[in-house]
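What follows is each chain in one-letter form.
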Amino acid sequence: MPFLGQDWRSPGECWVKFQDGWKRSRLYREVEEEESNINGSHRERQLCTRLQEESNDNKIVEDCAVAAKKRKKDHFNISTQSEYFYREKWIHVHKGSTRERHGYCTLGEAFNRLDFSSAIEDMRRFNYVVKLLQLIANSQLTSLSGAAQKNYFNILEKIVRKVIEDQQNPRLIKNLLQDLGSALCILVREVGRCVLVGNINIWVYRMETILNWQHQLNNLKITRRIGNTVTLSDLPLHMQRSILHRFSDGLDIINLGQVTSTLHMLSEDKHLWKNLCKYHFSEKQFCRHLILTENGCVDWKLMYFTLQKYCPKKEQYGDSLQFCRHCSILFWKDTGHPCTATNPETFCTPVSPQHFIDLFKF
């Protein structure tokens, strides 16, 4: 049986059966690209036709056509919002070549295949995806392909829009945009433009977009709820203390303590900061950065902010990617993967954002 692909080792093209016979299916992004090209080039063709009627100079018409084609291409690369659709929400992580499979899996390919665009709608995965985007912005942005970089900024735009609409986690996104903007400035000024995939005008547009997002988040005002709903201050004192003990970020505790005098008193509790330090750091780290007050007691609040400068905090996410050691497949837990093991749960381990990036370092 002959193969329909360009390479005899490939699985061939994808065909769909219709009433009038079999037809080759095309990806959704190809159809969307054609529609965008048709709509974007209609105005350019009218301009070229008008110039051709008014002038008999072939050189002017030729230059107009070249400029129109270039503007159409730049406009599509900047304004396109097409996403890459894949039926499988998992990816096989392989680092070597065999007779049946050549090449290796890249970070950009995994970023496109694992459907991070839908993951941000789940609150359990939101912090996980944001942390992953921040790590990519700090060190792995140049390793992404052009399609993966486009998908990266499309997902980032969805995150910013979600934060503005829901009015939640603005500080988390501000830190992400600040790291991304600093990384792009370093790449453009110090490293050089050659490391960035695509036209420099696209990256200038993206940097302007980042500044616009930062301006929107800085001007974000949390609307106060109107009605007879129960607020945090209406709860009993022991319940407010219990809620504060469930926070894992010291800055969130300080910000909450600025709301009322009661919350400020609860946020200064030394047992609260002691438990927070024990949650994130070990006793060996305590001994290296021990801070005492004038009375000889340990200042746990100051110790927490001192330790986080030198030691990484403990990461905890509601849901994360899973890696199957038997199949070498990366997947989301609820979508699953085609595992051939008898007990797949015994081979699955959670993957942190840093571990996700380390999987694709060769």
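Scroll up a little and you will see the structure.
(A) Molecular detail of the packing of helix α10 (residues 250-257) against helix α14 (residues 300-310). For the pair α10 and α14, the least separation of the axes is 11 Å and the interaxial angle reads 135°. Overall, the two elements α10 and α14 adopt an arrangement that is oblique. Between α10 and α14, the contacting residues are G250, L251 and I254 on the first element and K301, Y304 and F305 on the second. Within the contact of α10 with α14, the residues separate by chemical class into four nonpolar, one polar and one charged.

(B) Summary view of the sheet that holds strand β5 (residues 329-332). With respect to topology, four strands assemble into an open sheet ordered β3-β5-β4-β6, the strand pairing being antiparallel. Strand pairing shows two members of the sheet lacking a second neighbour, β3 (90-92) and β6 (348-351), which therefore form its edges. Recorded for the sheet is a direction-independent mean angle of 25° between the axes of neighbouring strands. Two elements, strand β4 (residues 321-324) and β5, share four bridges in a ladder whose sense is antiparallel. Looking across to β5, one finds that L321 is bridged to W332.

(C) Highlighting the packing of aromatic side chains. Tallying each qualifying case throughout the model produces 13 aromatic pairs. Both rings, one in Y128 and one in Y317, keep their centres 5.3 Å apart while their planes meet at 90°; by these two values the pair is edge-to-face. A residue pair is termed long-range when its members are at least 10 positions apart, and Y128 in helix α5 (residues 123-140) and Y317 in the loop between α14 and β4 qualify at 189 residues. Relative accessible area serves as the criterion here: at 0%, Y128 is assigned to the buried category. Classification of Y317 by relative accessible area gives partly exposed; the value is 24%. One aromatic cluster is present, built from ring pairs that chain together F111, F116, Y128, Y152, F153, W203, Y317, W332, F356 and F360. When the ring centre of W332 is taken as reference, the NZ or CZ atom of R125 above it lies at 4.2 Å.

(D) Region of interest: the environment of T306. Here T306 is to be found in helix α14. In this structure, the C-alpha to C-alpha distance between T306 and L290, residues 16 residues apart in sequence, is 9.4 Å. Of the polar contacts made by the side chain of T306, one reaches the backbone oxygen of L302; its length is 2.7 Å.

Definitions and limits used
Residues numbered from 1 in each chain as written. Predicted model: local features only at pLDDT ≥ 70, side-chain atom pairs only at ≥ 80, totals over all residues. Heavy atoms only, no water. Axes fitted to C-alpha atoms, helices over the stretch in contact; angles between N-to-C directions. Helix = DSSP H or I, 4+ residues; strand = E, 2+ residues; numbered from the N terminus. Parallel < 35°, antiparallel > 145°, perpendicular 65-115°, else oblique. Contact = heavy atoms within 4.5 Å. Nonpolar A, V, L, I, M, F, W, Y, C, P; charged D, E, K, R; others polar. Pairing = 2+ DSSP bridges. Phe/Tyr/Trp six-rings, centres within 6.5 Å; stacked < 30°, edge-to-face > 60°. Buried < 20%, exposed > 50% of the residue type's maximum accessible area, 1.4 Å probe, protein only. Lys NZ or Arg CZ within 6 Å of the ring centre and 35° of its normal. Polar contact = N/O pair within 3.5 Å; in protein donor to acceptor, adjacent residues only side chain to side chain.

No statement about biological role is implied by the geometric values presented.
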